[in-house]
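Residue-level structure breakdown
One-letter residues, chain by chain:
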Amino acid sequence: MSVPQLRRQNEDVHLNVLDGLPADHEAAIGVWRAANIARLLPPSVERVARIWEKLADPGACLVIGHPSASRDVLAMALAEPGRAQDGAGAVIPGYGHVSMVFVHPDMWGRGVGRQLLQGLHERASERGWSRTTLWTRASNARARRLYQSQGYRASGHETTLGDGGPILQLERQAR
């Protein structure tokens, strides 16, 4: 993927947020992979396969972001119907779970994540989801700032990942 170079490193990028189509899945996974590698979390083959499954789920809500002057995908986010029992149970009406928010590392700090989440929240509202949750690493201060700026607050639920890293659940009520 080529990422457009901007005149100033800290310049905000105007993002077009679109519904992700099957033809966009490969580019979305490219953004996901680049962001994970930049955070020193290279994905396993099994994890990549799981992401392909999530994107193909007909109940999922995928959005992609690209700059006005290009069709290069710079960001992707995926929300799924919220489920009881920490995602293993029945679908809960009015509830969506944001399972992925990723911005290409070359675009970090340029307002891309904020615009992407705003587009995702619009689509969540169209689906009747008045509440969304997500999990994030406790150590990921950049993501936590982004989510808090978009109205997410700690739900009080915490757990750890397989590597022992603590993660926090954040929750947002539609405005």
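Residues numbered from 1 in each chain as written. Predicted model: local features only at pLDDT ≥ 70, side-chain atom pairs only at ≥ 80, totals over all residues. Heavy atoms only, no water.

A closer look at the packing of helix H1 (residues 25–38) against helix H2 (residues 45–56)
As a packed pair, H1 and H2 sit with axes 11 Å apart at the nearest point and diverge in direction by 135°. Classified by the angle between their axes, H1 and H2 sit oblique to one another. Considering the relative orientation of H1 and H2, their crossing is right-handed. Side by side, H1 and H2 meet where His 25, Glu 26, Ile 29, Trp 32 and Arg 33 of the first sit next to Arg 47, Val 48, Ile 51, Trp 52, Leu 55 and Ala 56 of the second. Per-class residue counts for the contact of H1 with H2 are seven nonpolar, one polar and three charged. (Axes fitted to C-alpha atoms, helices over the stretch in contact; angles between N-to-C directions. Helix = DSSP H or I, 4+ residues; strand = E, 2+ residues; numbered from the N terminus. Parallel < 35°, antiparallel > 145°, perpendicular 65-115°, else oblique. Left-handed = near helix turned anticlockwise from the far one by under 90°. Contact = heavy atoms within 4.5 Å. Nonpolar A, V, L, I, M, F, W, Y, C, P; charged D, E, K, R; others polar.)

With respect to the sheet that holds strand S4 (residues 91–103)
Judged by pairing direction, the sheet is mixed, and its seven strands sit side by side in the order S1-S2-S3-S4-S5-S7-S6 without closing on themselves. Across the chains shown, the open sheet's two edge strands, defined by having one partner strand only, are strand S1 (15–19) and strand S6 (153–160). On average, adjacent strands in this sheet sit at an angle of 25° to one another, irrespective of strand direction. Pairing geometry for S6 and strand S7 (residues 166–173), over five bridges, is antiparallel. Across the sheet, the residue bridging to Thr 160 is Pro 166, located in S7. The sheet strands contacting helix H4 (residues 141–149) are S4, strand S5 (131–137), S6 and S7, and the helix crosses S5 at an angle near 165°. (Pairing = 2+ DSSP bridges.)

Remarks on the packing of aromatic side chains
Considering all chains together, one arrives at one aromatic pair under this definition. Here Tyr 147 and Tyr 152 contribute two aromatic rings whose centre-to-centre distance is 5.9 Å and whose plane-to-plane angle is 70°, an arrangement assigned as edge-to-face. Just as Tyr 147 is buried, Tyr 152 falls in that class too. Here the basic side chain of Arg 131 rests over the ring of Tyr 95, its NZ or CZ set 4.1 Å away from the ring centre. (Phe/Tyr/Trp six-rings, centres within 6.5 Å; stacked < 30°, edge-to-face > 60°. Buried < 20%, exposed > 50% of the residue type's maximum accessible area, 1.4 Å probe, protein only. Lys NZ or Arg CZ within 6 Å of the ring centre and 35° of its normal.)

Some words on the pairing of strand S2 (residues 61–67)
The element S2 is largely enclosed, with a buried count of seven among its seven residues. On S2, burial covers both faces: Cys 61, Val 63, Gly 65 and Pro 67 on one face and Leu 62, Ile 64 and His 66 on the other are all buried. Pairing analysis gives five bridges linking S1 to S2, with the strands arranged antiparallel. Paired with Val 17 across the bridge in S2 is Gly 65. Two strands pair when backbone bridges link them, and S2 and strand S3 (residues 75–83) are joined in this way by five bridges, in the antiparallel orientation. By the bridge assignment for S3, Cys 61 is matched with Ala 79.

Overview of H1
The end-to-end C-alpha distance of H1 is 20 Å, a good match for the 20 Å that 14 residues give at a rise of 1.5 Å each. Buried within H1 we find His 25, Ala 28, Ile 29, Val 31, Trp 32, Ala 35 and Asn 36. Across the axial projection of H1, the buried residues extend over an arc of 155°, all falling on one side. Turning to H1, the residues buried within the fold contact H2, S2, S3 and S4. Once H1 ends, the next one or two residues include Leu 40, with phi positive near 60°. (Expected span 1.5 Å × (residues − 1). Arc of directions from axis to C-beta.)

Re the confidence of the model for the chain
For the chain, per-residue confidence averages 90 on the pLDDT scale, and residues scoring 70 or more make up 94% of the total. Note on residues 1–8: pLDDT under 50 across the span, and 17 contacts to partners over four residues away in sequence or across chains. (pLDDT = per-residue confidence, 0-100.)

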